[in-house]
Amino acid sequence: YAQGVAGMEVIFVDDASTDDSLQVLKALQQKYPFRILTQEKNGGQSAARNRGIREAQGRYLLFVDSDDRLCPGIVPVLLRRAQEQQLDVLYFDGEAFMDDGAEQDGQQLAHYQALYRAKQPMEDVQDGLTFFRRMCDRERYSYRVSPCLHLTDAEYLRRIGLWFVEGMIYEDNL
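Note that the coordinates shown come from a computational prediction; the quantities given were computed from them, not determined experimentally. Sequence order as written defines residue numbering, which begins from 1 separately in each chain. Owing to the predicted nature of the model, reporting of local features is limited to residues with pLDDT of at least 70; listing and counting of side-chain atom pairs is limited to 80 or more, with chain, interface and lining totals taken over all residues. For the side-chain quantities, the full set of heavy atoms in the structure was used; hydrogens and water were omitted.

**Some details on the layout of surface pockets**
Next up, step 1: Detection works on a 1 Å grid of protein atoms alone, calling trapped sets that fit a 1.4 Å probe cavities and calling open sets with protein on both sides within 12 Å along at least five of seven lines pockets, with lining residues defined by an atom within 4 Å of a point. Grid points are joined across faces, edges and corners, and a volume is the space filled by probe spheres set on the points. Computed from the structure, the largest pocket encloses a volume of approximately 1,800 Å³.
Next up, step 2: Together, 48 residues line the largest pocket, and V10, I11, F12, V64 and D65 are the ones closest to its centre.
Next up, step 3: Note on conventions: DSSP H or I runs of at least 4 residues are helices, E runs of at least 2 residues are strands, and numbering of each starts at the N terminus. Counting only elements with at least two residues in the lining of the largest pocket, the list comes to β1 (11-14), α1 (21-28), α2 (44-55), β3 (60-62) and α3 (74-84).
Next up, step 4: With 6 residues, α2 is the largest single contributor of residues to the lining of the largest pocket.

This is how it looks when you write it as structure tokens:
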């Protein structure tokens, strides 16, 4: 809610968690206006994301996992660019971080930094085939698959029938 987007729809999908996540969300819901969707059984990230896609009413989707953080004010920047350039998908970089209190492992952090940052920026608008070819050029770019690094037009996703494969483990890294 540090994003400054009026009317932004926020959905949390509780995938039958066994910790106190649902209680924490319900307590936060007293202060912030968001929806909680609950699953009867744990279907993994793919099932949770697909449920969010089906239920979302907003124009754009941005997946944020429990181990992710958004920089304050970044969502309006992403939305403005996607709207101004009429993008179906806006691909962006991320920055790896270690949780508070986690043992700092410089080598591990450097590994994750490389996963979430492009070797070279791509500022131009591209069709899907051009983008895919560039991302496969590992010398100049680095293909990053995390769905948390995309702002996607929800209707576009539904129209082309692109869904997460349910029952698959490590679906962040397909």
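Structure shown, so let's carry the discussion forward.
**Brief notes about the environment of E166**
Next up, step 1: Within the secondary structure, E166 sits in the segment after α6 (154-160).
Next up, step 2: Whether two residues are in contact is decided by their heavy atoms: any pair within 4.5 Å suffices. Discounting chain neighbours no more than four positions away, the residues touching E166 are S46, A47, N50 and R54.
Next up, step 3: Think of a polar contact as two N or O atoms within 3.5 Å of one another; within protein, one of them needs to be a possible hydrogen donor and the other a possible acceptor, and neighboring residues in sequence only count if both atoms come from side chains. Side chain to side chain, E166 and N50 meet in a polar contact 2.9 Å long.

**Section: the sheet that holds β3**
Next up, step 1: Pairing is antiparallel across the open sheet formed by 3 strands, whose spatial order is β3-β5-β4. Single-partner strands in this sheet number two, and they are β3 and β4 (89-91). The average undirected angle you get between the axes of adjacent strands in this sheet is 15°.
Next up, step 2: Note on pairing: two strands pair once DSSP finds at least 2 bridges between them. Bridging between β4 and strand β5 (residues 150-153) involves 3 bridges; their strand directions are antiparallel. Considered in β5, the bridge of L90 is made with L151. Geometry is summarised by axes, namely lines fitted to C-alpha atoms with helices restricted to the contacting stretch, and by angles between N-to-C directions that run from 0 to 180 degrees.

**Some thoughts on the nonpolar core**
Next up, step 1: Take the buried Ala, Val, Leu, Ile, Met, Phe, Trp, Tyr and Cys residues and link them wherever side-chain atoms come within 4.5 Å; each set so joined is a nonpolar core. For each residue, the accessible area found with a 1.4 Å probe, counting protein chains only, is set against the maximum for its type, and the residue is called buried under 20%, exposed over 50%, and partly exposed in between. Counting residues in hydrophobic clusters, the biggest one holds 10 residues: Y60, V75, L78, L79, A82, L87, L90, F92, L149 and L151.
Next up, step 2: By residue number, the principal contributor to this core is α3, which donates 4 residues.
Next up, step 3: Beyond its immediate sequence surroundings of up to four residues, L87 is in contact with Y60, R81, A82, V125 and D153.
Next up, step 4: Counting 8 residues, the second largest nonpolar core, distinct from the first, contains I53, L61, C148 and L157.

**A few points about the pattern of salt bridges**
Next up, step 1: Each reported salt bridge corresponds to a side-chain nitrogen of Lys or Arg within 4 Å of a carboxyl oxygen of Asp or Glu. What the rule picks out here adds up to 6 salt bridges.
Next up, step 2: Note that E9 is salt-bridged to R35, the shortest N-O span being 2.8 Å. Here the residue E9 occupies a position in the segment before β1, and R35 occupies one in strand β2 (residues 35-38), the gap between them amounting to 26 residues.
Next up, step 3: Across the salt bridge formed by E55 and R35, the nearest N and O atoms sit 3.2 Å from each other. Highlighted residues: E55 in helix α2 and R35 in strand β2, separated in sequence by 20 residues.
Next up, step 4: On the basis of relative accessibility, which here comes to 29%, the residue E55 falls in the partly exposed class.

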